[in-house]
Amino acid sequence: MSPPATALHKKSPAVRDLVSAEEWQVRVDLAAAYRLVAHYGWDDLIFTHLSARVPGPEHHFLINPYGMMFEEITASSLVKIDLEGNIQIPTSYPINLAGFVIHGAIHEAREDARCVMHLHTRAGIAVSCQKEGLLPLNQTALAISSQVAYHDYEGIALDFDERPRLVAHLGDKSALILRNHGTLTVGPTVADAFVRMYYLERSCDIQVAALSGGREINWPSEQSVETVRRQTANRPQGTSPTNGQMSWPALLRKLDRMDPSFRD
């Protein structure tokens, strides 16, 4: 006997119905970050990755479906995996192994790194290739330079034995320049990691522009460098320029005006 027609066309449960409200909010924020990366021209076809840990003791985290452009990613399409890389909700997409190697290591080692963002931008890679790294050339760079660490290039991030060195080099910092490779930021929220990446990428972009201008550089004085670092460190909680709490709602409004489908 044939099954009822309704059974043949029964849809799988929507992802939103399978997760908690808290996880859904993280999904929306992470999907927004992917869309913003595409908007600012920081994406690299389907490569690079942003991840965010979901609430709960399991250390599950969300990462992009390998094969989708960042401008396509939605809250539902994000892939949930555990620290061994096992997919927790069925999907037709795989995950990027390099993304799992990098992001899984940091999520496991840093409880505060609930969001990890890694990019391959032109300016970010250019600065990662410069021996001096990020230079204290301007106010934007000074706002984040004290939080930048460095990791030497070891090849494409596919080897698990690189993980301890990656984590050790990041230490307790919130930004990492991967030599000859790209940039990485972490934060307790998607908003914080994104805004830190904005500052890091903008600093790299300014540095490349300034050094390629062919004119003598006017370096900030040591006193002004120390002043900016002190001013940044002493800002009231939530008002630091590298904290995402103030600018994130505005960025979400921007996305909603452009294309609200990231919320699907």
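First things first, this report covers the structure right here in the doc. Keep in mind that this is a model prediction, so the values were computed, not measured.

Rules used in this analysis
Residues numbered from 1 in each chain as written. Predicted model: local features only at pLDDT ≥ 70, side-chain atom pairs only at ≥ 80, totals over all residues. Heavy atoms only, no water. Pairing = 2+ DSSP bridges. Helix = DSSP H or I, 4+ residues; strand = E, 2+ residues; numbered from the N terminus. Axes fitted to C-alpha atoms, helices over the stretch in contact; angles between N-to-C directions. Contact = heavy atoms within 4.5 Å. Core = buried A, V, L, I, M, F, W, Y, C linked by side-chain atoms within 4.5 Å. Buried < 20%, exposed > 50% of the residue type's maximum accessible area, 1.4 Å probe, protein only. Phe/Tyr/Trp six-rings, centres within 6.5 Å; stacked < 30°, edge-to-face > 60°. Lys NZ or Arg CZ within 6 Å of the ring centre and 35° of its normal.

Remarks on the sheet that holds strand E4 (residues 115-119)
So, point 1. Read across the open sheet, the 7 strands follow the order E3-E2-E1-E4-E7-E6-E5; overall the sheet is mixed. Looking at the sheet topology across the chains shown, the edges are occupied by strand E3 (79-81) and strand E5 (148-151). On average, each strand axis in the sheet is inclined to that of its neighbour by 20°, with strand direction left out of account.
So, point 2. One ladder, built from 4 bridges, connects strand E6 (residues 175-178) with strand E7 (residues 182-187); its direction is antiparallel. Bridging from a neighbouring strand, Leu 176 pairs with Leu 184 of E7.
So, point 3. Sitting on the sheet, helix H4 (residues 97-109) is in contact with strand E1 (49-53), strand E2 (61-63), E3, E4 and E7, with an inclination near 35° to E1.
So, point 4. Along the sheet, helix H7 (residues 163-170) makes contact with E5, E6 and E7, crossing E5 at roughly 155°.

Some details on the nonpolar core
So, point 1. Among the nonpolar cores identified, the biggest contains 56 residues, and Met 117, Phe 194 and Trp 248 are the most heavily contacted of them.
So, point 2. For this core, the leading source of residues is helix H3 (residues 21-39), giving 11 residues.
So, point 3. With sequence-adjacent residues up to four places away left out, Met 117 is seen in contact with Ala 33, His 49, Leu 50, His 103, Thr 183, Leu 184, Thr 185, Val 190, Ala 193, Phe 194 and Met 197.
So, point 4. One finds Ala 157, Leu 176, Leu 184 and Val 186 within the second-largest nonpolar core, a separate group that totals 13 residues.

Comments concerning the packing of aromatic side chains
Working definition: an aromatic ring pair is given by the centre-to-centre distance plus the angle between the planes.
So, point 1. Counted according to the given criterion, the structure contains 10 aromatic pairs.
So, point 2. Taking 6.4 Å as the distance between ring centres and 40° as the angle between the ring planes, the aromatic pair formed by Tyr 40 and Phe 194 counts as tilted. Taken as a pair, Tyr 40 in the loop between H3 and E1 and Phe 194 in helix H8 (residues 190-211) lie far apart in primary sequence, 154 residues in all.
So, point 3. Since its relative accessible area comes to 30%, Tyr 40 is described here as partly exposed.
So, point 4. Site record: aromatic cluster; members linked through ring pairs are Tyr 40, Trp 42, Phe 194, Tyr 198, Tyr 199 and Trp 248.
So, point 5. A cation over an aromatic ring shows up here: Arg 163 above the ring of Phe 100, its NZ or CZ 5.0 Å from the ring centre.

Function-wise, these values are silent; they only describe arrangement.
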